[in-house]
Amino acid sequence: MKAKYTLILLVGITLSAFGQSSKLKTADKKYDTFSYIDAIEIYEKVAEKGYKSADLFQKLGNAYYFNGELDKAAKWYGDLFALNQEVDPEYYFRYAQALKSQEKYDKANEYMELFNQKTNDNRGKLFAQNKDYVANIDAVSGKYTMDKTEINSEFYDYGPSFLGDQIVFTSSRSEGNSSSRIHDWTNQNFTDLFVATIDNNGKLGGVENFSKEINTKFNESSPIFTKDGKTMYFTRNNYNNGKKGKSDDKVSILEKIYKAELINNEWTNITELPFCNDNYKTAHPALSPDEKTMYFASDMPGSYGMSDLYKVTIDSNGNFGTPENLGTTINTEGRETFPFIDADNTLFFASDGHPGLGGLDVFESKLENKQYSKPQNIGKPINSSKDDFGYTNKEKLGFFTSNREGGTGYDDIYTFTICTHTLSGLIKDIDNQQILPNSKVVLFDENMTKISETTSSDKGYYEFKLDCNKKYFIRASKEEYETAEKTFNPATTSGKSELDIALKRNIIPIEKGTDLAKVLNISIIYFDLDKWNIRPDAAEDLEKIIAVMKQYPTMVVDIRSHTDSRQTHQYNELLSDRRAKSTLEFMVKNGIERNRLTAKGYGETQLLNNCADGVNCSEEEHQKNRRSEFIIIKM
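First, a word on scope: everything that follows refers to the structure included in this document. (Residues numbered from 1 in each chain as written. Predicted model: local features only at pLDDT ≥ 70, side-chain atom pairs only at ≥ 80, totals over all residues. Heavy atoms only, no water.)

A word on the state of the cysteines. In the structure shown here, the tally under the stated rule is two disulfides. The side chain of Cys-419 participates in a disulfide bridge whose partner is Cys-468; the two sulfur atoms lie 1.9 Å from each other. Its S-S torsion of about -75° marks the bond between Cys-419 and Cys-468 as left-handed, since a negative value means left-handed. Pair noted here: Cys-419 is in the loop between strand E24 (412–418) and strand E25 (420–429) and Cys-468 is in the loop between strand E28 (461–467) and strand E29 (472–477), with a separation of 49 residues, a long-range link. With a relative accessible area of 2%, Cys-468 lands in the buried category. Looking at the protein chain, its bonded cysteines, counted consecutively from the start of the sequence, adopt the pairing 1-2, 3-4. (Disulfide = S-S within 2.5 Å. Helix = DSSP H or I, 4+ residues; strand = E, 2+ residues; numbered from the N terminus. Buried < 20%, exposed > 50% of the residue type's maximum accessible area, 1.4 Å probe, protein only.)

Given below as structure tokens:
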């Protein structure tokens, strides 16, 4: 794709001429002026005759590499390393990328390891920190379902953008093109912007040239539009109002970002954005949801790599601030390009510097505390071993571009839908089922990394949007309640699920008549069969009662012990009374004044159900009657 690769900078790549052959001189001239298609043809003819040199193989590899044909570049970079000569470390990275395009990840990793050893480059460091990147990418794959579109041609088609119920995209197709000029680099037409309709099923059709006012004899690409559809920004070669600008070294291929306004149904007032410059490239604009910030790719001074992502503010009068580099969390020494900001302010972009499957991969980065998080590869099927870029979405429908196998042309536009699942529920009190508004609800992924946070509504309601095929944890908390957490297993289809979370109150009002056993969730003080000595597990529960009474030094408690109906009435009353008094003695021994305690055993006289003598009841039913009570009789 022409506009994509013209953004790739060749600054710092200076290659000497090889030999005295007139063919090589011609090829070198075409190479140095970015005429890669012609250069490849000549270089290969020379190589076929048996010529071997690092310079020749570098140029052949580069010619394919920078034209996006990484699998072909792999052959020549392989021949380069077979010479066993010292080469610039950058070729280790390029060869690794080329090998990835052939899905030869083990061998690619060997060259990335060498690249990391030979440089202090962040691309190598990122690899070293994420050597299991292929497995990690597989683990996050499955969120998207993709399909081909019907608008692709045999040429370059890429970079779609939404405009109402249409998309506007870039193409080098000859049919409908405003110019028949052939680009030396790609041997195809210069690109124009085209428009296609989107039907109710997300299908594309009805392709037409977008605008005779916007399209020129040079390259136009990567348009974006404001929500009202009245302003657009797009990339074009350094050409406007019939004048072609040139950099100091007289290269006119550089791109700039332009603005246009829709007036009387025509695009007009085409102006270059103020931060553009004849000596560096600016391309591929994107707007934040509030349209107060523009993101773009550039190699302007201060960039870390071949192209970096920048942002710039737009004030209420349409004036632009000073561009700000997004920093090394996002940018590498490689290519970061084609930014897109979704409705949640998540940044999507293409990169070959972060660990990926090959070529450009699409990454996402969440906006957290006004900073973008560590980029995450969005996985398959969006990403492949080839170049994948130009991601854009609107709700659940989206498009991206790829030059993967099975396409119609050089770069093709694909559609995708996002498999998302809505999880909602109520936060309640576990005892009385009352709703709990203003509860904090946090969403974690399966690695317990925080994903999102919300507060339950005045009706106790919460909601999260989840990716399909992922496991999540939901944690709810509220003041005066114990925190609770639940698991949500992966959903495989779009849809909705409900998950209520009940919280146990840990600060409960106590007053005269309150049973501390219920407050502290003590169902029974256990004794050995037919005995009344305090067991260790019973002691642990009694310590809870003791702690409360020490907190309230004027509290007086009546200890009541109950049995079930088994054994005789007399036996049960005697046993329960001994247990109640044993409990009292334990509490006195552990710091509670005797005059603050009373104790009595009630045997089977206060059953909670009908399990009296002669009634056939289950063990569970009898259990309900065996209980200890600690009733507050004075505060």
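In this section: the nonpolar core. With 37 residues, the main nonpolar core has Leu-56, Tyr-65, Tyr-77, Leu-80, Phe-81 and Tyr-111 as its most contacted residues. Mapped onto this core, the elements with two or more residues apiece are helix H3 (36–48), helix H4 (54–65), helix H5 (70–82), helix H6 (90–101), helix H7 (105–118) and helix H9 (133–140). Among residues more than four places away in sequence, those in contact with Tyr-111 are Phe-81, Tyr-92, Tyr-95, Ala-96 and Leu-99. The next biggest cluster of nonpolar side chains, apart from the first, holds 24 residues, and it includes Ile-534, Val-548, Met-549 and Leu-597. (Core = buried A, V, L, I, M, F, W, Y, C linked by side-chain atoms within 4.5 Å. Contact = heavy atoms within 4.5 Å.)

All right, on to the packing of H4 against H6 then. Where H4 contacts H6, the two axes come as close as 11 Å, and the packing angle between them is 50°. When the axes of H4 and H6 are compared, the pair comes out oblique. Crossing handedness for the pair H4 and H6: left-handed. Note on element contacts: H6 touches H4 through Tyr-91, Phe-93, Arg-94 and Gln-97, opposite Gln-58, Asn-62 and Tyr-65. Its residues assigned to classes, the contact of H4 with H6 comprises three nonpolar, three polar and one charged. (Axes fitted to C-alpha atoms, helices over the stretch in contact; angles between N-to-C directions. Parallel < 35°, antiparallel > 145°, perpendicular 65-115°, else oblique. Left-handed = near helix turned anticlockwise from the far one by under 90°. Nonpolar A, V, L, I, M, F, W, Y, C, P; charged D, E, K, R; others polar.)

What follows concerns the packing of aromatic side chains. Across all of its chains, the model carries 38 aromatic pairs by this definition. Pairwise contacts between aromatic rings join Tyr-144, Phe-340, Phe-348, Tyr-391, Phe-400, Tyr-414 and Phe-416 into one cluster. We note Arg-94 situated over the ring of Tyr-91; from NZ or CZ to the ring centre the distance is 4.9 Å. When the ring centre of Tyr-414 is taken as origin, the NZ or CZ atom of Arg-404, which lies over that ring, is 5.5 Å away. (Phe/Tyr/Trp six-rings, centres within 6.5 Å; stacked < 30°, edge-to-face > 60°. Lys NZ or Arg CZ within 6 Å of the ring centre and 35° of its normal.)

Here we take up the environment of Lys-292. Within the element layout of this structure, Lys-292 appears in the loop between strand E12 (282–287) and strand E13 (293–298). Taking relative accessible area as the criterion, Lys-292 reaches 52% and is therefore assigned exposed. Along the chain, Lys-292 and Phe-162 lie 130 residues apart, while their C-alpha atoms are 18 Å from each other. The contact partners of Lys-292, leaving out residues within four places of it in the chain, are Val-312, Thr-313 and Ile-314.

Turning our attention to the pattern of salt bridges. This structure, assessed with the given rule, holds 31 salt bridges. Of the charged contacts, one joins Lys-75 and Asp-79 as a salt bridge, the two residues approaching to 3.4 Å between their closest N and O atoms. Note that Lys-75 and Asp-79 are positioned in helix H5 at a spacing of four residues, about one turn of the helix. For Asp-79, a relative accessible area of 26% translates into the label partly exposed. For Asp-138, the salt bridge goes to Lys-380, with nearest N and O atoms at 2.9 Å. (Salt bridge = Lys/Arg side-chain N within 4 Å of Asp/Glu carboxyl O.)

What follows concerns the sheet that holds strand E22 (residues 388–394). Here four strands make up an open sheet; going across it, the order is E1-E24-E23-E22 and the pairing antiparallel. Of all the strands in the sheet, the pair left with one neighbour each is strand E1 (144–148) and E22. Across this sheet, the average inter-strand angle for adjacent strands is 25°, counted without regard to direction. Taken together, the six bridges between strand E23 (residues 397–402) and E24 define a ladder with antiparallel strand orientation. Paired with Thr-401 across the strands is Ile-413, a residue of E24. (Pairing = 2+ DSSP bridges.)

With that settled, the discussion passes to the side chain of Gln-97. One can find Gln-97 in helix H6. On the accessibility criterion, Gln-97 (3% relative accessible area) is buried. Setting aside residues no more than four positions away along its own chain, Gln-97 makes contact with Tyr-65, Leu-70, Asp-352, Gly-358 and Gly-359.

The next subject is the pairing of strand E17 (residues 347–351). Most of E17 is tucked away: five of the five residues are buried. Of the two faces of E17, the one holding Leu-347, Phe-349 and Ser-351 and the one holding Phe-348 and Ala-350 are both buried throughout. In the sheet, strand E16 (residues 336–341) pairs with E17 via four bridges, with the strands oriented antiparallel. Residue pairing for E17: Phe-340 is matched across the bridge by Phe-348. Between E16 and E17, which follow one another and run antiparallel, lie five residues, and Asn-345 among them has a positive phi close to 65°.

Keep in mind these values describe shape, not function.
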